[in-house]
Amino acid sequence: MRIELPLQRCEWRRGLHRRRAMNSLEQAEDLKAFERRLTEYVSCLQPATGRWRMILIVVSVCTATGAWNWLIDPDTQKVSFFSSLWNHPFFTISCVTLIGLFFAGIHKRVVAPSIIAARCRTVLAEYNMSCDDTGKLILKPRPHIQ
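Residues numbered from 1 in each chain as written. Predicted model: local features only at pLDDT ≥ 70, side-chain atom pairs only at ≥ 80, totals over all residues. Heavy atoms only, no water.

Undergrad: Looking at this structure, I do not really get the pattern of salt bridges. What am I missing?
TA: A side chain of one charge can pair with a side chain of the opposite charge when the charged atoms of the two come close. Summed over the entire model, instances satisfying the criterion amount to two salt bridges. Among the ionic pairs, arginine 37 bridges to glutamate 40, the shortest N-O distance being 3.4 Å. A residue pair is termed a helical-turn pair when its members lie 3 or 4 positions apart in one helix, as arginine 37 and glutamate 40 do in helix 1 (residues 24-72) at three residues. Put simply, arginine 121 and aspartate 133 hold a salt bridge, and the shortest N to O gap is 2.7 Å. (Salt bridge = Lys/Arg side-chain N within 4 Å of Asp/Glu carboxyl O. Helix = DSSP H or I, 4+ residues; strand = E, 2+ residues; numbered from the N terminus.)

Undergrad: Help me understand the UniProt feature "transmembrane region" (unreviewed entry) in the chain, please; the structure alone is not making it clear to me.
TA: The UniProt record annotates "transmembrane region" (unreviewed entry) at residues 54-72 and 84-106. Helix makes up 100% of residues 54-72 and strand 0%, and the two end C-alpha atoms of the span are 27 Å apart. Between the C-alpha atoms that bound residues 84-106 the distance is 28 Å, and the span itself is 91% helix and 0% strand. (UniProt positions renumbered as here; feature names shortened; annotations may be inferred.)

Undergrad: Sorry if this is basic, but what is going on with the packing of helix 1 against helix 3 (residues 89-104) here?
TA: How two helices sit against one another is set out by the angle between their axes and by the gap between those axes. Relative orientation of the contacting elements helix 1 and helix 3 amounts to 145°, with a least axis distance of 8 Å. In the packing of helix 1 onto helix 3, the handedness of the crossing is left-handed. Across the interface between the two elements, Trp52, Ile55, Leu56, Val59, Ser60, Cys62, Thr63, Thr65, Gly66, Ala67 and Trp70 of helix 1 pack against Phe90, Phe91, Ser94, Cys95, Thr97, Leu98, Leu101 and Phe102 of helix 3. Residue composition of the contact of helix 1 with helix 3, grouped by class: 13 nonpolar, six polar and no charged. (Axes fitted to C-alpha atoms, helices over the stretch in contact; angles between N-to-C directions. Left-handed = near helix turned anticlockwise from the far one by under 90°. Contact = heavy atoms within 4.5 Å. Nonpolar A, V, L, I, M, F, W, Y, C, P; charged D, E, K, R; others polar.)

Here it is as structure tokens:
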């Protein structure tokens, strides 16, 4: 019984492992499948990325508002730093939350699709291809060797 792997399309002949040449139709199907999978993956990241962006915007606005109230308070200059933070719990909590979000990696989560696209572009450049931020493949012309 002979098992043929559909993705590698390999054959065994005389004890040697040889790869069958793929025709242009198979190559086009593989490229379409890769493009579909890449666009699917990038589009699945979009809702989570949008939520992380909204969380970052809300916490940033809360921190900015709390900082403004903290700075315009006349008692801020008269008391110690820690007492001043204790008198402004909104600013303190939102600032600690913002710092915690950055330590948790929110700065990577809000740009996750573009990180994936950039890494794919790096790999695809070896094959004269690229992709946009949505995951669509861009075929570049072959370089002419003279």
